[in-house]
Amino acid sequence: MDIPVYLFTGFLESGKTGLITETLKDPDFNDGEKTLLLCFEEGIEEYDPKFLKRECNTDLIYVDGLEVLTVEYLEQLNQCYQPQRVMIEYNGMLSVSELLDKELPIDWIIVQIVATVDASTFESYITNMKSLMYEQLVHAEMIIFNRCSEKTKKSFLRGNVKAINRGAQLIYEDIYGNVNELEEDELPFDLSLDVLDIAEEDYGLWYMDALDHPYKYEHKEIILKGIVYHTEQFEKPIMAIGRYAMVCCENDTSFIGIGILNGNFDEFENGEWAIVKGKLQVDYDEESNMDYLSIVDAHLEHSEPLEQPLVFFS
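What you see is a predicted model; the values in this text were computed from it and never measured. (Residues numbered from 1 in each chain as written. Predicted model: local features only at pLDDT ≥ 70, side-chain atom pairs only at ≥ 80, totals over all residues. Heavy atoms only, no water.)

K.L.:
What's the story with the overall build of the protein in this structure? I'm lost.
P.N.:
Summing up its helical and strand segments, the protein has eight helices and 14 strands in all. Taken along the three principal axes of its C-alpha coordinates, the protein extends 65 × 45 × 35 Å. Sorting the 314 residues of the protein into buried and exposed places 45% on the buried side. Counting only contacts in the protein whose residues sit at least 6 apart along the sequence, the fraction spanning at least 24 positions is 71%. Within the structure as shown, the protein displays about 16900 Å² of accessible surface, and the carbon and sulfur contribution to it stands at 47%. Both charge centroids of the protein, one from 23 positive and one from 62 negative side chains, sit 5 Å from each other. (Helix = DSSP H or I, 4+ residues; strand = E, 2+ residues; numbered from the N terminus. Buried < 20%, exposed > 50% of the residue type's maximum accessible area, 1.4 Å probe, protein only. Contact = heavy atoms within 4.5 Å. Areas by Shrake-Rupley, 256 points an atom, 1.4 Å probe, with all protein chains shown as cover. Lys, Arg positive; Asp, Glu negative; His and termini not counted. Charge placed at Lys NZ, Arg CZ, Asp CG, Glu CD.)

K.L.:
When you look at the pairing of strand β14 (residues 290–302) in this model, what are you seeing that I'm missing?
P.N.:
In regular strands, side chains alternate between the two faces of the sheet. The pairing of strand β13 (residues 273–285) with β14 spans 11 bridges and is antiparallel. For Tyr 284, the partnering residue across the bridge sits in β14 and is Asp 291. Once β13 ends, the chain turns through four residues before running back antiparallel as β14, passing Asn 289 with a positive phi of about 55 degrees. (Pairing = 2+ DSSP bridges.)

K.L.:
Explanation requested: the environment of Asp 26 in the structure shown.
P.N.:
Along the polypeptide, Asp 26 turns up in the loop between α1 (16–25) and β2 (35–39). Sequence separation between Asp 26 and Cys 56 is 30 residues, and the spatial gap between their C-alpha atoms is 9.5 Å. A polar contact is formed between the side chain of Asp 26 and the backbone nitrogen of Asp 28, at a distance of 2.9 Å. (Polar contact = N/O pair within 3.5 Å; in protein donor to acceptor, adjacent residues only side chain to side chain.)

K.L.:
Would you mind going over unusual backbone geometry with me for this structure?
P.N.:
Where the residue is not glycine, phi is negative for most of them; where a peptide bond is considered, it is trans in most cases. The phi dihedral of Glu 13 is positive, around 70 degrees, even though this residue is not glycine. Structurally, the position occupied by Glu 13 is in the loop between β1 (3–9) and α1. Despite not being glycine, Arg 147 has its phi angle at roughly 60 degrees, a positive value. Its location among the elements puts Arg 147 in strand β6 (residues 142–148). Residue Arg 147 is classed as partly exposed on the basis of its relative accessible area, which comes to 33%.

K.L.:
Can you help me understand the state of the cysteines in this one?
P.N.:
Each disulfide is one covalent bond, formed between the sulfur atoms of two cysteines. Taken as a whole and assessed by the stated rule, the structure comprises zero disulfides. Note on Cys 56: no disulfide assigned, nearest cysteine sulfur contributed by Cys 39 at a separation of 15 Å. Among the residues examined, Cys 56 registers a relative accessible area of 4% and is labelled buried. (Disulfide = S-S within 2.5 Å.)

K.L.:
Hey, could you run me through the nonpolar core in this one?
P.N.:
A general trend in soluble globular proteins is that nonpolar side chains are found buried together. Of all hydrophobic cores here, the largest spans 38 residues; its most connected members are Leu 38, Val 86, Trp 108, Phe 122, Leu 137, Ile 143 and Phe 145. Ignoring any residue separated from it by four or fewer positions in sequence, one finds Phe 145 in contact with Val 117, Ala 119, Phe 122, Leu 157, Val 161, Ile 171, Tyr 172 and Glu 173. Counting residues in each nonpolar core, the second largest holds 31 residues, with Phe 189, Leu 205, Tyr 217 and Val 276 among its members. (Core = buried A, V, L, I, M, F, W, Y, C linked by side-chain atoms within 4.5 Å.)

K.L.:
Just to check I follow, could you spell out the environment of Thr 23 for this structure?
P.N.:
The residue Thr 23 is located in helix α1 in this model. A relative accessible area of 18% means that Thr 23 is categorised as buried. Placed 33 residues apart in sequence, Thr 23 and Cys 56 show a C-alpha to C-alpha distance of 9.9 Å. Apart from the residues lying within four places of it in its own chain, the contact partners of Thr 23 are Phe 29 and Met 87.

K.L.:
Teacher, can you tell me more about the pattern of salt bridges here?
P.N.:
Any two side chains of opposite charge can pair, so long as their charged atoms come close to each other. This structure, assessed with the given rule, holds seven salt bridges. Of the charged contacts in the structure, one is a salt bridge between Lys 16 and Glu 41, with a shortest N-O distance of 2.6 Å. With Lys 16 in helix α1 and Glu 41 in the loop between β2 and α2 (49–56), this pair connects stretches of sequence that are 25 residues apart. Residue class for Lys 16 comes out buried when judged on its relative accessible area of 3%. (Salt bridge = Lys/Arg side-chain N within 4 Å of Asp/Glu carboxyl O.)

Put into structure tokens, the structure is as follows:
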């Protein structure tokens, strides 16, 4: 049976220990499975091995360095502790790439990489320790910014991280651990403009915001790039333009798009890439009891596919 491995990266005092402890306490994650926790560093917040063993069925092993982590050593741990899953708290000064190149026991599978970042020190680290910060973020599937305050510019955090890792899911937490949403004035496009030119990396964020707040965008001109599909779902033929969003892996994607009610869409075949410019209008769907956006008075032009066609929500 495969043993899932969860890797937690980030600098010292970035919140890794607290996150791992809270994760192990969470009954939705921990239903009594036997866990092996490999820790590469000791911070101010320390684990209580007795508590981990008694309350979380977790064995804690401290690892002296990356050179210790041979497949033979890991096989010994596997035999000794017989874990049902493994969690690794990594040292922020070590290369994540080198760890990922290490040979693991044949049944150990890395299923998730999570990076923690102290939002209050991010600007200093990204300026002065960019290569080290890059190593902590580039492989992560989820990046948690903790210790966010009212003064934290989430757009600054997001812009820098997306330049390193376009696909990572970003989560912002305040000093109490509560999740913060991206505020309206921190959206990566200017809502005061009459014409919204949606950048490729912002499509997912725009789509979700437009789905939740369609009237915010009504009557605005929009320019976006996507794949076009004809649909006969409605009484009259329309076209949808959008992109595929990754649900959990590249083999599990879903098309997320917006309808085009009129325009020159007869010039396009299903699956072609296009750039569309038109006006957004809000309509009502009785079946779903929801307001939704459509594009009217649209003009489409043929386009080359995007280098990264998938959408990642963050």
